[in-house]
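# Secondary and tertiary structure notes
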Amino acid sequence: MVVSGSADGRLRLWNVEEGGVVGDPWEGHSAPVTCLDWSPNARDIASGSQDGTIRRWNSNTGRQIAPPIETGHGWVYAVKYSPRGDKFASCGDNDIIRVWSKDGKLLIEIKGHDDWVNALCWSKDGAYIFSGSADMTIRKWQSIDGKEFVVLRGHTNTIISICLSPDERHLVSASSDCSVRIWDLNTNEQTGDPLLHDDEPLALAIPSDGRYIA
């Protein structure tokens, strides 16, 4: 199954093999859906929207699991479940990262970026959160208390997307400076030359064997 979010504010579940929509669209957001994430157990889906809310949905019924979370971000740019699925992080149209319990309780606010935050990812053990921002930096935070560990500098424009390699030795970032960069997390330095594009790259993905970047 694949879930998609649309500018019409609705989510749709798709059967990949049959190529069709499963059931009716999921309605609740009042503005375009900007981000989605499956829970690790695939039982629910979190969505973020330009309406400033995060909503959680039962992946089988398409019904909302809990009341919407008013994030305070303005537009929500990313929502990411922790590896255990017991909480999730969000970011958006301000410089604050927020971590929430599954029932919508605000656990911590992480502050340190100087501009809005576009991208998030968790370490596999859930101990750290990585973030990419319009302040042109990537930062590593301790998830339990928001302590800043590392700041990666090198991009010359907004960070659009980030992801960790499967072995967590490298982080890959995409930026509005039309480059993708690979960072060695042992040295916290860039590895090799930037991978240049003709326009800004908007998304990243790494396969489970870690051999390629898309």
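Use the structure listed above.
Below is a short write-up of the structure. Since the model is a prediction, treat every value here as computed from it, not as a measurement. (Residues numbered from 1 in each chain as written. Predicted model: local features only at pLDDT ≥ 70, side-chain atom pairs only at ≥ 80, totals over all residues. Heavy atoms only, no water.)

## Quick look at the packing of aromatic side chains
A complete count under the given rule lists 3 aromatic pairs for this structure. Between the NZ or CZ atom of K140 and the centre of the ring of Y128, over which it lies, the distance is 4.3 Å. In this structure, K147 packs its charged tip against the face of F149, placed 5.5 Å from the ring centre. (Phe/Tyr/Trp six-rings, centres within 6.5 Å; stacked < 30°, edge-to-face > 60°. Lys NZ or Arg CZ within 6 Å of the ring centre and 35° of its normal.)

## Describing the sheet that holds strand 2 (residues 11–15)
Sheet strands pair by backbone hydrogen bonding; their relative direction is either parallel or antiparallel. The sheet built from 3 strands is open, its strands ordered 1-2-3 with antiparallel pairing. Strands with a single pairing partner mark the edges of an open sheet, and in this sheet they are strand 1 (2–5) and strand 3 (20–21). As judged from the 4 bridges shared by strand 1 and strand 2, these two strands associate in the antiparallel manner. When the sheet's bridge partners are listed, S4 is paired in strand 2 with R12. (Pairing = 2+ DSSP bridges. Helix = DSSP H or I, 4+ residues; strand = E, 2+ residues; numbered from the N terminus.)

## Quick look at the state of the cysteines
All chains considered together, the criterion is met by 0 disulfides. C35 provides the cysteine sulfur closest to C91, a residue in no disulfide bond, and the two sulfurs are 7.5 Å apart. A residue is classified by how much of its surface remains accessible, and C91, at 0% relative accessible area, is buried. The thiol sulfur of C163 is not disulfide-bonded, and the nearest other cysteine sulfur, from C121, lies at 7.1 Å. Given the relative accessible area of 14%, C163 is considered buried. (Disulfide = S-S within 2.5 Å. Buried < 20%, exposed > 50% of the residue type's maximum accessible area, 1.4 Å probe, protein only.)

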